[in-house]
Amino acid sequence: MNNRVDCMQCGMLLPQDVVHCPKCDDLLDAQSDGSILTVDIAHDRETVRDAMSKLSQTLIEVDRARGAGARFIVGTGRIREAVSAELATYLYRKDILSFEFEGSNEGAILVLLRKPLFSA
């Protein structure tokens, strides 16, 4: 099992429990590889319960991989409403940075856990 993490700012290899890199003082938990994972959680006969489980599992995986976030395909029905309510709770608890429906596509939601690389 790997107990170490690379600082994405300076490359220093550090124990996993370190919060700030001692070399560059960057906050390790805020670092991201910039990736956005897309997952369809509504179009393979998922129930609301299945979709909610996929939502939380995906967010855990993206967080562990230090990705920037995830794009969820949620459709326009009950799953979309349940996911939106759950994400509002995550936002309130500060478990995520933000979430928003994707432009004119109300069936997709972009969730950010960290600032993407090179963001304004």
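Above this text sits the structure in question.
Residues numbered from 1 in each chain as written. Predicted model: local features only at pLDDT ≥ 70, side-chain atom pairs only at ≥ 80, totals over all residues. Heavy atoms only, no water.

> Hey, could you go over the state of the cysteines for me, with residue numbers and the actual values?
Tallied over the full model, the rule gives zero disulfides. With no disulfide of its own, Cys10 has Cys21 as its nearest cysteine by sulfur position, at a separation of 3.6 Å. Taking the relative accessible area as the measure of exposure, Cys10 reaches 27% and is therefore partly exposed. (Disulfide = S-S within 2.5 Å. Buried < 20%, exposed > 50% of the residue type's maximum accessible area, 1.4 Å probe, protein only.)

> Please set out the sheet that holds strand E4 (residues 69–73) residue by residue, giving values where relevant.
One open sheet holds the four strands; their spatial order is E3-E4-E6-E5, and the pairing between them is mixed. For this open sheet the edge positions go to strand E3 (36–40) and strand E5 (98–102), each flanked by a neighbour on one side alone. Within the sheet, the average angular offset between the axes of one strand and its neighbour, ignoring direction, is 20°. Pairing of E5 with strand E6 (residues 105–112), which is carried by five bridges, proceeds in the antiparallel orientation. (Pairing = 2+ DSSP bridges. Helix = DSSP H or I, 4+ residues; strand = E, 2+ residues; numbered from the N terminus. Axes fitted to C-alpha atoms, helices over the stretch in contact; angles between N-to-C directions.)

> Just give me the short version of the packing of aromatic side chains, but keep the residues and values in it.
A complete count under the given rule lists zero aromatic pairs for this structure. Across the ring face of Phe101, the terminal group of Arg80 is positioned such that the distance to the ring centre comes to 4.3 Å. (Phe/Tyr/Trp six-rings, centres within 6.5 Å; stacked < 30°, edge-to-face > 60°. Lys NZ or Arg CZ within 6 Å of the ring centre and 35° of its normal.)

> I'd like to hear about the pattern of salt bridges, residue by residue, with values.
Under the criterion given, the structure shown has six salt bridges. Where salt bridges share partners, they join Arg80, Glu81 and Glu106 into one cluster. (Salt bridge = Lys/Arg side-chain N within 4 Å of Asp/Glu carboxyl O.)

> Outline the pairing of E6, supporting the account with residue identities and numerical values.
By the bridge criterion, five bridges tie E4 to E6 in an arrangement that is antiparallel. Residue pairing in the sheet places Ala70 in a bridge with Val111 of E6.

> So what about unusual backbone geometry? Which residues, and what values?
With a phi angle near 65°, Asp25 is a residue other than glycine that sits in the positive phi range. Along the chain, Asp25 turns up in the loop between strand E2 (13–15) and E3. The exposure class assigned to Asp25 is exposed, which follows from its relative accessible area of 56%. Although it is not a glycine, Arg45 adopts a positive phi angle of roughly 65°. With respect to the secondary-structure elements, Arg45 resides in the loop between E3 and helix H1 (48–64).

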